[in-house]
Amino acid sequence: MSTATRRSPLTDWTVLVPVVALVALVFSWGRDLPGFAVVLVSLCLAGAVLAAVHHAEVVAHRVGEPFGSLVLAVAVTVIEVALIVTLMADGGDKASSLARDTVFAAVMITCNGIVGLSLLVGALRNRVAVFNAEGSGAALATVATLAVLSLVLPTFTTSKPGPEFSTAQLAFAAVASLALYGLFVTVQTVRHRNYFLPVDTSRAAAAAPGDTTSAASAMSATSAMSTAPAASGTPAASAAPAASAASGTSGTSAAPAVSPAAPDDAEHAEPPTARAALISLGLLLVALIAVVGDAKAVSPTIEQGVAKAGLPNAVVGVIIALLVLAPETLAAGRAARRDRVQTSLNLAYGSAIASIGLTIPAIALASIWLSGPLMLGLAPIHMVLLALTVVVSALTIAPGRATLLQGGVHLVLLAAYLFLAVSP
């Protein structure tokens, strides 16, 4: 994981914050909070989210792959689902579209905000941001499929009035989402892990502008090469000629092969001890409980503030998504600054896949005891933004390289979504 720590979890702020957030929950539960108390509880809520992510990464670094990569996604999704269910339970009919608004906000923030920021940072550092088109393309295809199945189809089905699924349709969408998420995780962490490994941008950035096809094929060949020596015992240097042959660079002007990214001290730090991992697991549970409770405590104030400002109720979903995805955004930015744009894209698309693939089934299950309708279908304006995002993302990912322009286009799409959320 990108923020594996060398320090004991007992020596830093991530121990104190979950405890303080839990204490804030005890004193705020079931009470009408004054303004200053809402601010304090909100700060505890934000701190508990960051602490939960930290402890999830500690546990993930201990258990390793393929299970380690699942810990953060599951923890973040638990937070997201808990916030959605908490607000829907007390919101009545006006909260019927909260799940849709939050999931769609997560898709737009990850596919445009995190991706755009990562490409912008990577291009500013090396003129061209280089990544693995095979892995990122597979992730984008999964996001697009999940989004259409879960958020677009309900607008066009006729079994129930309005943008809703029938019970059977909702069950199918939940099972399909889980199946796609499980298949993606298997491909990412087991069968084709090399497609999702960071690549060295130092030589690929110097390739000629017309050599994008060769650069992409070189990345594929050398990413596969990076995992072969570990299995066969052959030094990586001796495999370089094979990579050159696979990329078709027989002494011509084709783009140079892309090497695996240089080792990163943070990612290759010694795993925490079993005791530290168990402590982090306990603190992770405490932080998640605090997040859910504190969110319930401040949710009336958030909803009242949105209503008094005359903003659409969908803004509440945007706020939830921004809160939940803040740690991933920070981690993706740090990875891009370290020339690991592929890691940033993994975080972005992985978060989007988890947000849909795990949240929709959980909400479908929760709908058994939640009263009121469950509105999942997107409005026409949001379907246009989703279609534009998928098309632009495909054009961005296909070459395996991106410039400042692609990063700027994605950030403008995010700005358009946020503006239209406030002023539809």
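Residues numbered from 1 in each chain as written. Predicted model: local features only at pLDDT ≥ 70, side-chain atom pairs only at ≥ 80, totals over all residues. Heavy atoms only, no water.

Structural notes on the overall build of the protein chain
Counting secondary structure elements, the protein chain contains 14 helices and two strands. Taking all 424 residues of the protein chain together, the buried fraction comes to 51%. The long-range share in the protein chain, meaning contacts at least 24 apart out of those at least 6 apart in sequence, stands at 85%. For the protein chain, the exposed surface amounts to about 18200 Å²; the carbon and sulfur share of it is 69%. (Helix = DSSP H or I, 4+ residues; strand = E, 2+ residues; numbered from the N terminus. Buried < 20%, exposed > 50% of the residue type's maximum accessible area, 1.4 Å probe, protein only. Contact = heavy atoms within 4.5 Å. Areas by Shrake-Rupley, 256 points an atom, 1.4 Å probe, with all protein chains shown as cover.)

Let's talk about the packing of aromatic side chains
Applying the stated criterion across every chain, the model contains two aromatic pairs. Judged by centre distance (5.5 Å) and plane angle (80°), the rings of F104 and Y417 are edge-to-face. Taken together, the positions of F104 in helix 4 (residues 98-126) and Y417 in helix 14 (residues 404-422) put the pair 313 residues apart, joining distant regions of the chain. Like F104, the residue Y417 is buried in the burial classification. With a centroid separation of 5.8 Å and an interplanar angle of 90°, the aromatic rings of F184 and F196 are classed as edge-to-face. Here F184 is found in helix 6 (residues 167-191), whereas its partner F196 is found in the loop between helix 6 and helix 7 (201-204), with 12 residues between them in sequence. (Phe/Tyr/Trp six-rings, centres within 6.5 Å; stacked < 30°, edge-to-face > 60°.)

A word on the packing of helix 4 against helix 11 (residues 314-337)
It is the contact of helix 4 with helix 11, at a shortest axis distance of 8 Å, that shows an interaxial angle of 25°. By the angle between their axes, helix 4 is roughly parallel relative to helix 11. Between helix 4 and helix 11 lies a crossing whose hand is right-handed. Partitioned by chemical class, the residues of the contact of helix 4 with helix 11 number 16 nonpolar, seven polar and four charged. (Axes fitted to C-alpha atoms, helices over the stretch in contact; angles between N-to-C directions. Parallel < 35°, antiparallel > 145°, perpendicular 65-115°, else oblique. Left-handed = near helix turned anticlockwise from the far one by under 90°. Nonpolar A, V, L, I, M, F, W, Y, C, P; charged D, E, K, R; others polar.)

Structural notes on the confidence of the model for the protein chain
One rule of thumb: low pLDDT means the predicted coordinates there are not for detailed reading. When the pLDDT values of the protein chain are averaged, the result is 78; 78% of them are 70 or greater. Highest mean pLDDT in the protein chain belongs to helix 13 (residues 380-397) (96); lowest belongs to helix 9 (residues 240-246) (39). Long-range and interchain partners of residues 1-10, a stretch whose pLDDT sits below 50, account for 32 contacts in this model, where long-range means more than four residues apart. Per-residue pLDDT stays below 50 along residues 207-259; that stretch engages in 63 contacts with residues further than four places along the chain or on separate chains. (pLDDT = per-residue confidence, 0-100.)

A look at the pattern of salt bridges
This structure, assessed with the given rule, holds three salt bridges. Between D339 and R125 there is a salt bridge whose closest N-O contact spans 2.6 Å. One end of the pair, D339, is in the loop between helix 11 and helix 12 (341-366); the other, R125, is in helix 4, and 214 residues separate them in sequence. Residues E164 and K160 are paired through a salt bridge, measuring 3.4 Å at the closest nitrogen-oxygen approach. Given a relative accessible area of 34%, K160 falls into the partly exposed group. (Salt bridge = Lys/Arg side-chain N within 4 Å of Asp/Glu carboxyl O.)

Considerations on unusual backbone geometry
The phi dihedral of R127 is positive, around 70°, even though this residue is not glycine. For R127, the position within the fold is in the loop between helix 4 and strand 1 (129-130). Even without a glycine there, the phi angle at D339 is positive, about 65°.

Side note on the side chain of S355
If you trace the backbone, S355 turns up in helix 12. Residue classification places S355 among the buried residues on the basis of a relative accessible area of 2%. Filtering out sequence-adjacent residues up to four positions away, S355 remains in contact with E80, V103, A106 and I360.

Examining empty space enclosed by the protein
Within the structure shown, the criterion is met by one cavity of 30 Å³ or more. Roughly 40 Å³ of internal volume is contained in the largest cavity. Residues of the lining of the largest cavity, tallied by class, amount to eight nonpolar, two polar and no charged. (1 Å grid on protein atoms, 1.4 Å probe; cavity = no way out; pocket = protein on both sides within 12 Å on 5 of 7 lines; lining within 4 Å. Points joined across faces, edges and corners; volume = space filled by probe spheres on them.)

A look at the nonpolar core
Formed by 98 residues in total, the largest nonpolar core has its most connected members in M88, Y349 and Y417. The dominant element in this core, judged by the number of residues it contributes, is helix 12, at 14 residues. Setting aside its immediate chain neighbours within four residues, Y349 contacts C111, V115, S136, A139, L140, V143, S393 and I397. (Core = buried A, V, L, I, M, F, W, Y, C linked by side-chain atoms within 4.5 Å.)

A few points about the packing of helix 5 (residues 133-156) against helix 13
Viewed as axis vectors pointing N to C, helix 5 and helix 13 meet at an angle of 170°, and their least axial separation amounts to 10 Å. One finds that helix 5 runs roughly antiparallel with respect to helix 13. Crossing hand, helix 5 versus helix 13: left-handed. For the pair helix 5 and helix 13, the contacting residues are A133, S136, G137, L140, A144, A147, V152, T155 and F156 in the first and M383, L386, V390, S393, A394 and I397 in the second. Taken together, the residues of the contact of helix 5 with helix 13 break down into 11 nonpolar, four polar and no charged.

Focus: the environment of V422
Summarising the element assignment, V422 is placed in helix 14. A relative accessible area of 44% places V422 in the partly exposed class. Those residues within four positions of V422 in sequence are excluded, and the remaining contacts are L311 and P312.

What to know about helix 4
For helix 4, built from 29 residues, the straight-helix expectation of 42 Å at 1.5 Å per residue is met to within 8% by its first-to-last C-alpha distance of 40 Å. The largest bend along helix 4 reaches roughly 30° and is located at I109. Just downstream of helix 4, R127 is the residue with a positive phi angle, here 70°. (Expected span 1.5 Å × (residues − 1). Bend = angle between axes of the 7 residues up to and from the residue.)

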